[in-house]
Amino acid sequence: MYKSLLLFCLISFGAAAQDKPLTGFTAEGSQQQQQLEQAFDEQLKAENIGQYIKKLSDKPHHLGSAAGKEYADYMVAQFKSWGYDAKIETFHVLFPTPKERLLEMVAPTKFKAKLKEPVLKEDATSGQQGQLPTYNSFSADGDVTAELVFVNYGIPDDYKELEKMGVDVKGKIVIAKYGGSWRGIKPKVAQEHGAIGCLIYSDPEDDGFYQGDVYPEGAFKPEDGVQRGSVLDMPLYPGDPLTPGTGATKDAKRLDRSEAKNLVKIPVLPISYGDAQPLLEALGGPMAPPNWRGALPITYHVGPGEAKVHLKLSFNWELTPLHNVIARMEGSTYPDEWVIRGNHHDAWVNGANDPVSGMAALMEEARAVGELAKQGMRPKRTLIYCGWDGEEPGLLGSTEWAELHADELQQKTVAYVNTDSNSRGFLYASGSHTLEALVNAVAKDVTDPQTKISVLERRKAAEAVNAPSVEKRKKILSENDIKISALGSGSDYTPFIQHLGIPSLNLGFGGESSGGEYHSIYDSYDHYSRFKDPGFPYGVVLAKVAGHTVLRLANATVLPFDFDGFYTTVKGYMEEVMEMTDKMREATQIENQMIEQKQFTYAADPKESYEAPKPEKPVPFLSFADLQNAVASLEQAVSHYDSVKTVKTDDPEQVNEALYQAEQSLLLSKGLPRRPWFRHSIYAPGFYTGYGVKTLPGIREAIEQRDWEEARQQIGLAAQAIQQYADHITETGGLFETQAGGE
């Protein structure tokens, strides 16, 4: 009986959903769009995605490699065969590659790190020529010898713990675990505290045998596996370090390398947990706090002590040609309104998962759109499919292209839709919250290949299972929609949303395909096809979700932007920073009382005694009135807009231009403090989190740094930006009211 009732409800809900027109479409247009999406889905083939992954991960193809150019040419040829006007746009960017790498322990015993990943007979591409060695790009050159100190994840809070233990890293080399923040934050914070070198290793507790069987028996990182990666200080600005804010064309004016503020100043090297173990085992000093200890069979100490290491690194600091693939299909009705879809194509080595899995889904999506266009179903708006080069070293390709074409992009771009790695599991979606309703509408219409329910319902189920309480689980299951996350950084959406104010999304699947291949030689077709997406069904489902999103943006009469979700989200961010300030004030009062009463103890090792921390200055009361008033204005503007919006308009181009340019009202004219390249007042990567987002970033980070005068200034600037946005929404609503075709 229950199953019959549930089936009836699902069928009834599905019928009702189909009867309701898609947002932004007339009833007739909605029916045509749904038929188009069905025809699009029928074009998609898992075997094509598998072939693209195998082809594009067959050779190492980092930025500047021969295979990188070969694959760019291949993609251009494919896009042309599908009916696109495709070309390569070349830029010239700084990209250092290693000349010398040496790491050795010189006391109390001798040990020389291998710094090499072994070839595996089970992995056909692991022994190829042309692989970049294990290194961190944009590390400084250096030849340093010093005592070693273990700093946990190497984030600011870890150095506060070291200070409590009486451990100073000045003049030392630090060793940090991968995790806790983006890797580039670790040397940044280390050098701020006076360290002269930085090692980064993957502890097996986070990324190795503690998680499961290691490769090739299982998916996880083997003892000698190493995560390559950039340590460019991207929270200052991404892209070519020598041309901030300007496209890195061949003749662009460049900074001297010494002037580039986002280059780390100390040598940095990633190592395996096999190479890390002898170094950590030799450390003396205080025992590491319990939550710092990993899964290696050693006692974790912090140091310093007798353990002394020698680190020597040097690099080829060369300008390297970068090859972006740009494929354009002109819109049939609104050619000057652009929907841009991107994924990068460069990898650290073979990159079957990162980035080829996402690039393969994009290519199959573009092929299907091309086939439909040949049958007379050309999108109304111009589609631009992009294969970015140089993403791995620092979002180089997308940033330089966006900077070079900034004015035209801000004038014409409806939205940017990004993907990157992809694998088996659950939908994840991040982006501008004006696009949250669109993501939900698409996710309800796409079926998960494993469970045969919608990808939205599967995502909700995952959230419910992981909910921290029964109440939150009930709330998740009672809601019709999912919340999309805010965008920080770490992929190619960054220049579009956070520099240019273009509405953006980042889409993908994952959560059931953990593994340790990330940025190693084992990110291969063999690993991917066994452990990430066997048979490639989630490549197809990503192509469906991204393709439906792109096609609805391309064909809607009135663009499906939703301001209710944005208002609710921004109001929530405001309440968060207000609550954070109150909690900080209370916590500071309690901690200072404990210090005054000598009640403060540090329990890492009861045998040790440490100097109590100094009291913090009291947290003042901040006025959020201007921000509260701006958010209230936004609520009124959104309510008015909702009451007048319609798809019946005499001039949809004027309305749509106002809609997609609304996000630019949120840009700060002078950018964020100490990093003016980042201009969005609502979303930014954290100064000390890297990839992780900070919402209302100017306000939030000023409070976190206890800079109360800056916090007051940023409250005022964010309020101005939100008020500008509210005024823009009000004016957009007025366009519906004044047009004769409006209701």
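Residues numbered from 1 in each chain as written. Predicted model: local features only at pLDDT ≥ 70, side-chain atom pairs only at ≥ 80, totals over all residues. Heavy atoms only, no water.

**Student:** Teacher, can you tell me more about the side chain of H345 here?
**Tutor:** Residue placement: H345 occurs in the loop between β10 (334-344) and α9 (352-374). Looking at H345, its side chain comes within polar contact range of the main-chain oxygen of H323, at 2.9 Å. Excluding residues that lie within four positions of it along the chain, H345 makes contacts with H61, G68, A72, M75, H323, V325, P355, M359, G387, W388 and D389. (Helix = DSSP H or I, 4+ residues; strand = E, 2+ residues; numbered from the N terminus. Polar contact = N/O pair within 3.5 Å; in protein donor to acceptor, adjacent residues only side chain to side chain. Contact = heavy atoms within 4.5 Å.)

**Student:** What is the right way to read the pairing of strand β1 (residues 85-107) from this model?
**Tutor:** Two faces, one strand: in a regular strand the side chains alternate between the faces of the sheet. The pairing of β1 with strand β9 (residues 308-329) spans 21 bridges and is antiparallel. Bridge pairing in β9 links T90 to H323. Relative to strand β2 (residues 111-112), β1 runs antiparallel, the two being bridged by 2 bridges. Pairing of M105 across the sheet is with F111, part of β2. Adjacent in sequence and paired antiparallel, β1 and β2 are bridged by 3 residues. (Pairing = 2+ DSSP bridges.)

**Student:** Explanation requested: the nonpolar core in the structure shown.
**Tutor:** Buried together is how nonpolar side chains tend to be arranged in soluble globular proteins. Core analysis: the largest hydrophobic core is formed by 216 residues, its most contacted members being F79, L103, Y201, L280, Y385, L627 and I703. Filtering out sequence-adjacent residues up to four positions away, L103 remains in contact with F111, K112, A113, L115, L199, L269, I271, L279, V309, H310 and L311. (Core = buried A, V, L, I, M, F, W, Y, C linked by side-chain atoms within 4.5 Å. Buried < 20%, exposed > 50% of the residue type's maximum accessible area, 1.4 Å probe, protein only.)

**Student:** Help me out: how do you make sense of the pattern of salt bridges in this one?
**Tutor:** Pairing is possible between side chains that carry opposite charge, provided their charged atoms lie close to one another. The tally for this structure, following the rule as stated, stands at 33 salt bridges. For K69, the salt bridge identified is with D73, shortest N-O distance 2.9 Å. Within this pair, K69 and its partner D73 are both found in helix α4 (residues 66-81), separated by 4 residues, close to a single helical turn. By relative accessible area, which is 31% here, K69 ends up partly exposed. The shortest N-O distance in the salt bridge between D448 and R458 comes to 3.4 Å. Taken as a pair, D448 in the loop between α13 (436-445) and α14 (455-465) and R458 in helix α14 lie far apart in primary sequence, 10 residues in all. With relative accessibility at 0%, the residue D448 sits in the buried group. Given the relative accessible area of 7%, R458 is considered buried. Beyond isolated ion pairs, a larger network of salt bridges with shared partners links E37, D445 and R552. (Salt bridge = Lys/Arg side-chain N within 4 Å of Asp/Glu carboxyl O.)

**Student:** I keep staring at helix α3 (residues 46-56) and nothing clicks. Help me out?
**Tutor:** Because the α-helix completes a turn every 3.6 residues, residues three or four places apart line up on one side. Within the sequence span of α3, burial applies to N48, I49, G50, Y52, I53 and L56. Of the surrounding elements, those touching the buried residues of α3 are α4, α9, α17 (525-532) and α18 (537-555).

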